[in-house]
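# Reading the structure
Spelled out, the chains give:
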Amino acid sequence: MTSLNVPIQMRFFDQDQYGHINNVTMLRYFEDARVRLTASPIAKDPDHGIPEDTTFRESVGELRTVVAHQSVDYKEQLFFRMDPVCVRTWISRIGRSSFTISYSLQEEDGSHVYAQGESVIVVMDPETGKSVKLSEDHKALLASLEDDVKYDHAR
């Protein structure tokens, strides 16, 4: 799979006193995209026991996913408007007990990029509060959401 492009409808109160979309609000936009990505139905993969229309979120069952780290690079001011803005999102790294979701807040066609970021997500046992190793099935599910797109952290 390649990246998922999630349209986000801005709300009037998303803007700050300067008239542009507040920097914290952009993290909320990333959160919306993260939830949609992990809830996206994935194609059947019998080699990994993945039935049709399974989502990563469903596959973790009683385990929890928590944000361990986030970073944002603000590239260009985004002003309030009625037309949606898009968050392009994808899995950019799969580790032992964590994975990284990358984001690009942009115009649908990519002509303007307003912010880029990453979230490191850790899978944990809710009873012990400790991280849990990703199963091969979880890794396969995440791999179907993976893309090798990288963004430039440089200013």
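Residues numbered from 1 in each chain as written. Predicted model: local features only at pLDDT ≥ 70, side-chain atom pairs only at ≥ 80, totals over all residues. Heavy atoms only, no water.

Taking an unreviewed UniProt entry as the reference, the chain is identified by name as Thioesterase belonging to Kocuria varians.

## Brief notes about the pattern of salt bridges
By the definition in use, this model includes 2 salt bridges. Of the charged contacts in the structure, one is a salt bridge between Asp14 and Arg11, with a shortest N-O distance of 3.2 Å. Judged by its relative accessible area of 37%, Arg11 falls in the partly exposed class. The shortest N-O distance in the salt bridge between Arg81 and Glu107 comes to 2.6 Å. Within this pair, whereas Arg81 is found in the loop between strand 2 (64–74) and strand 3 (85–94), its partner Glu107 is found in the loop between strand 4 (98–106) and strand 5 (113–124), the two being separated by 26 residues in sequence. You can call Glu107 buried: its relative accessible area is 17%. (Salt bridge = Lys/Arg side-chain N within 4 Å of Asp/Glu carboxyl O. Buried < 20%, exposed > 50% of the residue type's maximum accessible area, 1.4 Å probe, protein only. Helix = DSSP H or I, 4+ residues; strand = E, 2+ residues; numbered from the N terminus.)

## Description of the nonpolar core
Of all hydrophobic cores here, the largest spans 28 residues; its most connected members are Tyr29, Phe56, Leu78, Val85, Val87, Phe99 and Leu105. Elements with a minimum of two residues in this core: strand 1 (4–8), helix 1 (23–38), strand 3, strand 4, strand 5 and helix 3 (136–143). The leading source of residues in this core is helix 1, at 5 residues. Excluding anything up to four places from it in sequence, Phe99 contacts Phe56, Ile91, Arg93, Ile94, Ser119, Val120, Ile121, Val123 and Leu142. (Core = buried A, V, L, I, M, F, W, Y, C linked by side-chain atoms within 4.5 Å. Contact = heavy atoms within 4.5 Å.)

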